[in-house]
Structures are given as structure tokens and as C-alpha cells.
Protein chains: 2
Amino acid sequence: MILYDLVNRHHTHFSPNSWRVRMALAHKGLSHEVRDVRFGDIPGLASGEDKLTIPTIEHAGRKITDSWAIVQYLDQAFPDTPRLIAAGAEGHVLHFFQYWVQTTVHSGISHLILLDVHNSLHPSDHAYFRSSREKMNRKTLEEVQAGREERVEAFRKSLQPLRMALAQGPFVCGEQPGYADYLAFGGFQWARLSSSFPLLAQDDVLHAWFMRCLDLYDGLGRKEAAAS
Amino acid sequence: MILYDLVNRHHTHFSPNSWRVRMALAHKGLSHEVRDVRFGDIPGLASGEDKLTIPTIEHAGRKITDSWAIVQYLDQAFPDTPRLIAAGAEGHVLHFFQYWVQTTVHSGISHLILLDVHNSLHPSDHAYFRSSREKMNRKTLEEVQAGREERVEAFRKSLQPLRMALAQGPFVCGEQPGYADYLAFGGFQWARLSSSFPLLAQDDVLHAWFMRCLDLYDGLGRKEAAAS
């Protein structure tokens, strides 16, 4: 199994959606090798008509792209490993959780550190990243990130349902981590690897939860150095 | 089985948390009778030390309070009926969904219609409701509701993850409604029964979903008249 994953100028694997898959592979105990790519390499990964994004895995001669589709594939291809996405209603509620992560965690983080993310990339990716992200945001990267010291409190407040969930146990999924933990972890790991801006207060239960997630699987998440 | 439920001056059962239980009882096909109470009657429901809130059910000589505890009880006491809260990780993710409903849907709605809710109550509940809600919000009810025409767009935007989930199927839980649907439905039903303020745009997929929820179980939700 091959995981195609993005690296920045510090050779760090920073992609939030890849961290979902990395944690899912570790949860299932599936070994794999990693092929490093930059944004500029992504179009070259596709062999046919289908567009690929990161993360993409290659397994049994097939490439599968999109983190949700990859984890569903892993659940099916390795039925003896712990299932991460349930069938039926429960899988749909988990998918809602992913949408919440996308619209609240990722979007909130990007408005606080997007220029830092840009600056951490390999210079050959700068032009693509600036142009595509400025188009999405209809602002310069500098404008997106401006005033973050005043805005970080609103971001922290938006995480309140996650904080309430963590009052029930050490992980979002209860006593043991599950895919909802990995979905949320991806966003905070992306920030940790791309920016030194303090997203979470030290005394926040979310900070303690994030540290617990970094400890999982022999400190898998800590093996990548935090941005300085 | 008895369900103790709040009524307003129009004899409408408006409590969002009770609607979770009403829909759960219908989903399970469990018959019950309803005892109407006003806010002022709640302290008198408790017989021992424990404080009761609405909804409370009485079954087999026992009173169970809190919507989550009630639905868990129904799952256990009636194992032949469809289960609504899964054990393990999936139940925890569903609990997160309830926290999201509480912090985003209920809180957002209350900031748009709290004075209308007050005005729809029986006059004997006015003093208690005003005093307790003004203390919670640190504002008068009039101040809480002021400027809602300008604020409703931000509320609609905050519902984006729910809208994304509904792009996958007719219900949050997929092809068939489940407890996540009833959790979200409760908030919108509370608004429908307490205020004529238009919360959702007519062309919003959430509006179509809410209509589908009102149709469920022979139009159970529609049997209570919308506020005018």
C-alpha cells in the first residue's frame, strides 16, 4: 500500500485530510509506504481521466482518492481490521461530523493561519497556493490572517460542542479513539505543523485531548516536528 | 407510559427536547398518554430529592428525566423496537450531534425568537420565564431578539454542515430518519410552534427536510398548529 502525501519545505506531512488516513491506517495496523509530493506534482499522479487529490492511496493496482472514500475502502478491503465508518444511520452521523470539521475546524483554522501555511510550503508551491487560496477567500493571504489575535476567541468558542463531547470521556468516541477523533485531529495537526500561532489555550480540555491524540500509536503524530 | 410535556397558552406542545422524545416514541411505535404541565408545575412533579425537567416519562412506576436518558431507557426497556442510540463510538458521535444542536440550533434560534416564545406562554409562566432567561442571557428578552432580520443570515449560515449532510439523502441519517433527525427537528419545531418569524428560506434544503419530518408518523408534528 502506498500513501501519496503532501510535504512542505521542512519535509513535514501537514495535510489535514491525510492525517485522517494516517491515523486510520495506524488504527487498523496496516503498513504502507509514503510517497512525498508537492502541490505541483498532484496533476501528474492521475493516469486516466479521474482527477486525484491528496490523500490518495494505491493498493492492489488501484488508486483511491478522497479521505472518506479511502477509509470506506479500507473497511471493505480489510474486514478483519476494526471498522471505522459504520453502515447506515451511524455512518451518516459520522459524515455530518466530517462536515462540521470542514466548516468549523478547518475553515476556522485557515482564517487564522493561512499565510503561515503558505510560508511553510516549498517555494515552488507558493504561486499556486497563493493564487488558488486568494481566489477562494476573495482576499489576499495577508488579509485573511490579519487581526487573528482578536478573532481567535470566536474560533475557540465555535469548538464548544467538541468540548462538551470530551466531558464524557478521554476521546470524542469515548474510552477509545475512533474516526471522529481522527477527523478533528487532522485539523489541529495541520495547524501544529504549519504555524506556531497558539490556537488552543493550554488549560482547554481540547488541548489535553490533542496531546492524547499525538501520543497514539507510539507518538505517530509527534514524529513530525511542530512548526517553529 | 406517561409523557409529561409543556404547553403554552395555545395548548401547543412546544418543547424542543420533548419533540425528540415524541418522535422517538413514534419511531418505536410506543403508545403513551401526555400530561400537560406549565413551567410553574415542574417543581411539583418530583416526589423525592431528584429534580425533574421536561421531558419526563413515567413507566413501570419510575420517572425518567432528560431526553437522552429517556431514549436510552426506551432502547433498553423495549429491546424489540428499533434502537436509536448505538453503543460505543457511534453513540458518542450522536451525542456530539446533540451538543451541536444545543450550541448552534437551539442557541441560534433562541437569539431570534426568545421574546416570541415568552409571549406564546401561558401568562402564569411569564414572570418565571422572563426572569430565568434574562439572567441566562444578561439581556432583556427584547434586547435578545432585537435586530433579528439582520442576524438571521448568520444563523442560516451556521447550519451549513446540516445542509451538507442532507445532500447525501432525504434525512440526516440517510434514507430513513433516525435520532439525529429528531434532535435537529426538535429545534425547528419549537420555533414553528412559538413564532411566525421565518427561520429558513423557502428554497433551503433544510426547509424541505423539515417538511419531510413534519410528514412522518401520519403528520405527528403537524397536528400541533404553527404559531401565527
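Residues numbered from 1 in each chain as written. Chains lettered and ligands numbered in written order. Predicted model: local features only at pLDDT ≥ 70, side-chain atom pairs only at ≥ 80, totals over all residues.

## Remarks on the domain arrangement of chain A
Residue and element names in this part refer to chain A.
At step 1: Taken domain by domain, chain A consists of domain 1 (2–77) and domain 2 (89–223).
At step 2: Taking only C-alpha atoms into account, the centre of domain 1 sits 19 Å from that of domain 2.
At step 3: Listed by partner, the interface residues are 19 residues for domain 1 and 22 residues for domain 2.
At step 4: Elements that contribute at least two residues to the side of domain 1 that touches domain 2 include exactly helix 1 (16–28) and helix 3 (67–77).
At step 5: Considering every element that reaches the side of domain 1 that touches domain 2, the biggest residue donor is helix 1, with eight residues.
At step 6: Among the residues forming the side of domain 1 that touches domain 2, the class breakdown is nine nonpolar, six polar and four charged. (Domains from an automatic or database assignment. Contact = placed C-beta atoms within 7 Å. Helix = DSSP H or I, 4+ residues; strand = E, 2+ residues; numbered from the N terminus. Nonpolar A, V, L, I, M, F, W, Y, C, P; charged D, E, K, R; others polar.)

## Notes on the relation of the copies chain B and chain A
Applying a rotation about an axis and a shift along it to one chain copy brings it onto the other copy.
At step 1: Mapping chain B onto chain A is achieved by rotating through 180° and translating by 0.0 Å along the same axis, at an RMSD of 0.0 Å. Such values leave the two copies arranged in the relation of a two-fold axis. Rotation axis and chain B: the residue whose C-alpha lies nearest the axis is B:E90, separated from it by 2.9 Å. (Least-squares fit on C-alpha atoms with pLDDT ≥ 70 in both.)

## Looking at the interface of chain B and chain A
When the parts of a complex come together, some accessible area is lost, and that lost area is often used as the size of the interface.
At step 1: The interface of chain B with chain A comprises 23 residues on the first partner and 24 residues on the second.
At step 2: Counting residues per element, the ones that place at least two in the side of chain B that touches chain A are helix 4 (89–120) and helix 8 (160–165) of chain B.
At step 3: With 11 residues, helix 4 of chain B is the largest single contributor of residues to the side of chain B that touches chain A.
At step 4: Class assignment of the residues belonging to the side of chain B that touches chain A gives a composition of 14 nonpolar, eight polar and one charged.

## Here's the deal with the sheet that holds strand 4 (residues 62–65) of chain B
Residues and elements named next belong to chain B.
At step 1: Overall, mixed pairing links the four strands, which are arranged 2-1-3-4 in an open sheet. The open sheet has two edge strands, strand 2 (33–37) and strand 4, and neither has a second partner. Here the strands of the sheet are splayed against their neighbours by 25° on average, with no regard to which way each runs.
At step 2: Pairing of strand 1 (residues 2–6) with strand 2, which is carried by five bridges, proceeds in the parallel orientation. Across the sheet, L6 pairs through a bridge with V37, a residue of strand 2.
At step 3: Across the sheet, helix 3 (residues 67–77) is in contact with strand 3 (56–59) and strand 4; its angle to strand 4 comes to roughly 130°. (Pairing = 2+ DSSP bridges. Axes fitted to C-alpha atoms, helices over the stretch in contact; angles between N-to-C directions.)

## As for the sheet that holds strand 2 (residues 33–37) of chain A
Residue and element names in this part refer to chain A.
At step 1: Read from one edge to the other, the open sheet built from four strands follows the order 2-1-3-4, with strand pairing classed as mixed. Each edge of the open sheet carries a strand with a single partner, namely strand 2 and strand 4 (62–65). Direction aside, the axes of adjacent strands within the sheet are offset by 25° on average.
At step 2: Inspection of the sheet shows strand 3 (residues 56–59) paired to strand 4 by four bridges, in the antiparallel sense.

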